[in-house]
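Take a look at the letters that make up each chain.
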Amino acid sequence: MQSLAVVSSGGLLLTLVAVLILLCALACLGSKLFDRYLRYYGLQSILLAVAAGTAAYLDHEPALWVLCALTLCLKGIAIPYAARRFLVRRLGLKRDTGVTVGLSVSLIIGAGLCAFAYLLLGSQPLAHGVISVSIIPISTSVILLGALMMVVRRHMVAQLVGWLIMENGAFLAAVTLTASFPFIVEAGIFFDVIAGVLIMLAMATGLAEQMATGGGLPARAPE
Amino acid sequence: MILLPILASCLPLLGSVAGLLTSRAQLAGGIAVAAAVGSLGAAVAEAAMTGGGAPIASAGSFIYVDGISAFFAITVAIVVLLAGIGSIAYVHAQQVRGELSPNRVRAYFVLWGLFAGSMVASVETANLGLLFVLVEACTLASVVLVAIEGRTSGLEAGWRYVIISSLGITIALVGTLFVFFAATALPGSPEQHLTWAYLVHHARQLDGTGLRLGFLLAVVGYGTKVGLVPMHTWLPDAHAEAPSPASAMLSGALLNVGMYAILRYVVIADRALGPAYASHVLLTFGFLSVALGALFLVRRRDFKRLWAYSSVEHMGIIAIGLGFGGVLGLYGALLHTLNHAVGKAVLFLAGGTLVLAYETRQASRISGVLSSLPVTGAVLLLGSLAVVGSPPFGLFISEFTIVRAGLAAQSPALVGLLLLLLVLAFIGFMYTTSRMVLGEPKGQQRQPYPGRLGAVLAAVPILLGLAGLLVLGLWVPGVLNSLLMHSVEVIR
């Protein structure tokens with residue numbers, strides 16, 4: 001498996017962090033407590049900040065340090081805190097009841113998706129100037145796992161977390177492989193995510209409140 | 001020179017400023033319309049500047065306006081202007097009825113400005129990274145517009161919209177990354193590897209596998225925004241639940257912005273992989289969309305959903321036009337973009353009057369619009385005929401051009417299928433709308449607008465748009481023709 005070879009000690013650290021990020025996504029998929037979702041997501045984001053920091057150190061790219069700090073503060077701390085405070089606690093959410101596919105089955109599907117990502121991309125020729133080659137299949141796996149979570153969970157919070165995991169996967173690839181991405185673009189992507197999360201939080205809160213006051217689930221939109 | 005694109009995309013933000021300052025719908029709306037006129041003017045000036053000449057470009061292609069950009073900017077700006085005029089009447093009427101609180105009116109115009117500005121900005125960049133950022137910004141600005149009337153169903157539609165589009169747009173980001181990887185072996189600074197003009201110029205040296213994957217992901221990702229089947233599932237709900245002028249902007253402008261993004265990738269893929277690959281992908285998605293759109297037009301009960309499915313169908317037709325390729329196919333697809341934009345803006349704005357007058361979106365509860373609201377009824381009837389592609393309106397010409405492109409591309413079976421689906425769409429669409437427009441007035445109905453001014457402001461954009469469709473059907477003005485030909489040259 002030449003393609004999984006590690007290039008340097010920095011690359012080793014990066015690979016290790018990436019694997020932990022992947023494990024966080026799997027852990028999320030294998031749990032059905034809302035608190036756990038947010039905890040694993042927060043942990044994953046902190047690991048993402050470590051990855052960004054490593055890439056910044058290896059590439060001597062000051063702009064990446066900014067992204068690293070932003071990731072740590074906003075994704076690692078602020079978003080999980082806000083979601084826990086304004087959604088989970090306030091609405092008294094505990095256990096995800098909108099699980100359409102059992103946990104073990106979704107984990108097996110998830111493992112299949114990871115294998116698929118490795119089969120598809122593990123043997124890709126080395127891109128120019130890449131620090132750690134295993135990042136491509138790992139970040140693709142994380143994206144697929146996030147998408148899977150959005151598909152098999154019906155609850156809004158679970159879908160939100162699924163999307164955030166997908167975004168983390170894409171960000172992992174963007175930060176570590178393409179340290180040369182123009183900063184304005186990376187920052188733009190980052191702020192889009194933040195704005196998106198704020199809007200989703202607001203809408204999820206509004207919907208959940210209407211459900212609570214209106215009694216029962218909302219009717220489907222009239223045809 | 002570089003000021004023009006900035007002006008075109010920043011002027012609509014004046015509408016946002018107006019929304020922050022006042023909650024009087026007519027004042028804020030008036031400022032928004034003035035800003036939209038300015039934005040359209042700037043877009044037209046861009047077209048004049050770039051016509052046949054060098055593109056307006058900044059460093060890193062963060063701002064990049066060539067013929068294609070100018071054409072799409074004009075299309076978006078026209079819809080923004082028509083929807084802006086319609087917004088004054090609609091929002092004011094809803095405010096007087098107490099459906100929209102002053103704060104929601106403010107929010108409406110703030111988001112209207114952001115939405116319009118980010119759409120115009122999206123089509124004026126050719127940096128693939130920034131394109132992603134701006135298209136996502138369009139989504140985020142429009143999501144809250146969908147849910148602004150505060151119904152549970154609206155919130156639900158907004159939620160579905162934001163979740164599905166965000167998922168799609170993340171896929172587009174991954175596609176962008178793959179295209180970037182495909183270019184990493186090229187000489188030049190990494191900054192350049194995201195710029196469209198550089199990628200097109202060096203298309204032959206791009207890594208084929210990476211580009212193939214990147215292109216497919218980009219089409220799926222931005223196709224979510226366009227509403228290509230099977231990524232269209234957010235579209236009918238969002239179009240139905242949004243306030244009607246916002247629906248007009250979603251259908252007429254936002255879908256086209258997604259198409260613009262796909263078009264940029266098509267050019268790169270065509271140069272690098274040969275025309276067959278992109279063409280097959282686009283034809284597949286295009287036919288799926290036309291087929292599903294046409295089938296779902298049959299016996300739709302909610303008229304705004306009917307028009308939403310018709311948008312899916314039209315986006316499919318545009319994809320088919322791009323897929324057939326050649327001068328005819330590309331010309332037809334671009335012309336269809338403009339025609340679709342104006343046609344859908346007219347229908348959704350007229351739909352706003354219906355929603356206000358009948359307080360329902362159920363087509364079966366509406367009858368005899370022609371006699372109770374003569375202007376709206378006449379526009380609805382003619383607009384529906386235009387949208388399904390009857391002569392003498394513009395959509396007939398563009399659909400005919402695409403059909404001819406198919407014959408030129410030696411695929412008579414596909415052309416036959418397309419014609420069959422178009423006939424089905426015609427029947428499904430006209431069955432519902434003709435029963436709304438004709439017949440005896442029945443059911444409860446109230447005065448749609450509180451004053452004469454509102455009624456006039458509601459009538460102006462739909463009459464203007466209908467006149468525009470008629471002109472486009474009879475004759476493509478020379479200026480537009482040269483802009484289209486120039487864009488086709490850029491694409492080929």
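Cut-offs applied
- Residues numbered from 1 in each chain as written.
- Chains lettered and ligands numbered in written order.
- Predicted model: local features only at pLDDT ≥ 70, side-chain atom pairs only at ≥ 80, totals over all residues.
- Core = buried A, V, L, I, M, F, W, Y, C linked by C-beta atoms within 7 Å.
- Buried ≥ 20, exposed ≤ 12 C-beta atoms within 10 Å, placed from the backbone.
- Contact = placed C-beta atoms within 7 Å.
- Helix = DSSP H or I, 4+ residues; strand = E, 2+ residues; numbered from the N terminus.
- pLDDT = per-residue confidence, 0-100.
- Axes fitted to C-alpha atoms, helices over the stretch in contact; angles between N-to-C directions.
- Parallel < 35°, antiparallel > 145°, perpendicular 65-115°, else oblique.
- Left-handed = near helix turned anticlockwise from the far one by under 90°.
- Expected span 1.5 Å × (residues − 1).

K.L.:
How would you explain the nonpolar core if you had to name every residue and give the values?
P.N.:
Ranked by internal contacts, the top residues of the largest apolar core, which has 280 residues, are Ala51(A), Val76(B), Ala77(B) and Val79(B). Once you skip the residues sitting within four places of it in the chain, Ala77(B) turns out to touch Ala8(B), Ala36(B), Ser39(B), Leu40(B), Ala43(B) and Val120(B).

K.L.:
Explain the interface of chain B and chain A to me, and be specific about the residues and the numbers.
P.N.:
Listed per partner, the contact involves 38 residues of chain B and 35 residues of chain A. Elements that contribute at least two residues to the side of chain B that touches chain A include exactly helix H6 (128-146), helix H7 (152-182) and helix H10 (235-241) of chain B. Ranked by the residues each element gives to the side of chain B that touches chain A, the list is headed by H7(B), at 17 residues.

K.L.:
Which residues make up the environment of Asn481(B), and what values do they have?
P.N.:
Residues and elements named next belong to chain B. Relative to the helices and strands, Asn481 resides in helix H20 (residues 478-491). Residue classification places Asn481 among the partly exposed residues on the basis of 13 C-beta atoms within 10 Å. Asn481 sits 146 residues away from Leu335 along the chain, and the two C-alpha atoms are 9.3 Å apart.

K.L.:
Run through the confidence of the model for chain A, naming residues and quoting values.
P.N.:
Taken as a whole, chain A shows an average pLDDT of 81; of its residues, 84% reach a score of 70 or greater. Of all helices and strands in chain A, the one with the weakest mean pLDDT is helix H7 (residues 183-214) of chain A (80), whereas helix H2 (residues 34-59) of chain A scores best (91).

K.L.:
Can you break down the packing of helix H9 (residues 208-226) of chain B against helix H11 (residues 244-273) of chain B residue by residue, with the values?
P.N.:
Residues and elements named next belong to chain B. Between H9 and H11, the least distance of the axes is 8 Å, while the angle of their chain directions is 165°. As the angle between them shows, H9 and H11 are arranged roughly antiparallel. Between H9 and H11 lies a crossing whose hand is left-handed. Contacts from Gly208, Leu211, Arg212, Phe215, Ala218, Val219, Tyr222, Gly223, Lys225 and Val226 of H9 reach H11 at Leu254, Leu255, Gly258, Met259, Ala261, Ile262, Tyr265, Ala269, Ala272 and Leu273.

K.L.:
Got a sec to walk through helix H14 (residues 326-358) of chain B? Specific residues and values, please.
P.N.:
Residues and elements named next belong to chain B. Taking 1.5 Å of rise per residue, 33 residues should cover 48 Å, and H14 covers 46 Å from first to last C-alpha, within 8% of that figure. With 31 of 33 residues buried, H14 lies mostly within the body of the structure. Positive phi appears at Glu359, one or two residues downstream of H14, with a value of about 55°.

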